[in-house]
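What follows is the residue order along each chain.
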Amino acid sequence: SDLLDFNNVLHAKTILNNKFNTINFMVNFILPTDKKMKILLSAALLSISVLHHNGVFISRLTSPENWSEQCFNYILMFSMIFKDVEICRYPIQKKNYIEYRYYLLCFKKKQVTYNSLLYRKFLKLLKSPNTLRFLESISNEKCIKEWKQNLEEIKNAYINTIDHPQNELNEIICNIKLHK
């Protein structure tokens with residue numbers, strides 16, 4: 001179904017709640033871009049409403065060279081929902097080319113009352129034509145500025161580090177073979 005329509009998000013939430021009650025693991029492979037923010041907002045709504053409080057949410061991110069303000073807002077959105085948020089990269093091989101893929105790992109949802117407020121705010125955003133503009137209103141707060149500065153440092157560390165994904169991938173494969 002179309003997750004741009006908030007009625008479909010509510011329907012998906014109802015189906016998931018009726019079938020599973022809560023789920024422990026959610027994955028999103030849609031990259032955070034300006035055109036897809038409403039779909040990603042739907043993923044946030046579903047993670048708030050159907051994911052177990054100790055559940056894990058994993059979302060794919062673009063390469064740090066391509067992180068835009070919307071990507072920062074996307075990461076901030078999940079930092080608001082979860083207590084522990086990490087960014088990691090993993091080497092992959094695609095058509096004889098080895099590269100890194102970046103992921104946002106989110107663990108342990110914050111308190112229920114706090115997330116219910118976020119849920120209502122995100123649902124209102126899904127109904128409106130604006131995407132994540134509400135984050136601009138809090139972006140001047142000191143803690144958010146520090147958070148964005150830390151995220152910028154992570155971005156620069158990934159960009160400026162000279163790593164070879166092929167070496168890391170070979171090491172992972174060797175470790176798998178050794179453990180068999």
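To start, this report covers the structure provided alongside it. Please read these numbers as outputs of a predicted model, since none were measured by experiment. (Residues numbered from 1 in each chain as written. Predicted model: local features only at pLDDT ≥ 70, side-chain atom pairs only at ≥ 80, totals over all residues. Heavy atoms only, no water.)

1. Points about helix H2 (residues 37-50)
Alright, step 1. Helix length check: H2 (14 residues) gives 20 Å between terminal C-alpha atoms against 20 Å at 1.5 Å per residue, within 8%.
Alright, step 2. Along H2, 13 of the 14 residues are buried, which leaves the element largely enclosed by surrounding structure. (Helix = DSSP H or I, 4+ residues; strand = E, 2+ residues; numbered from the N terminus. Expected span 1.5 Å × (residues − 1). Buried < 20%, exposed > 50% of the residue type's maximum accessible area, 1.4 Å probe, protein only.)

2. Brief notes about the sheet that holds strand S2 (residues 51-61)
Alright, step 1. In space, the 4 strands of this open sheet follow the order S1-S2-S4-S3, with mixed pairing throughout. Among the strands making up the open sheet, the edge pair consists of strand S1 (23-28) and strand S3 (82-94). Within this sheet the neighbouring strands show an average axis-to-axis angle of 20°, counted without direction.
Alright, step 2. Sheet topology note: the S3/strand S4 (residues 97-109) ladder contains 12 bridges and is antiparallel. (Pairing = 2+ DSSP bridges. Axes fitted to C-alpha atoms, helices over the stretch in contact; angles between N-to-C directions.)

3. Digging into the pattern of salt bridges
Alright, step 1. Taken as a whole and judged by the stated rule, the model has 2 salt bridges.
Alright, step 2. A salt bridge links Lys155 to Glu152; its shortest N-O distance comes to 3.9 Å. Within this pair, Lys155 and its partner Glu152 are both found in helix H6 (residues 142-160), separated by 3 residues, close to a single helical turn. (Salt bridge = Lys/Arg side-chain N within 4 Å of Asp/Glu carboxyl O.)

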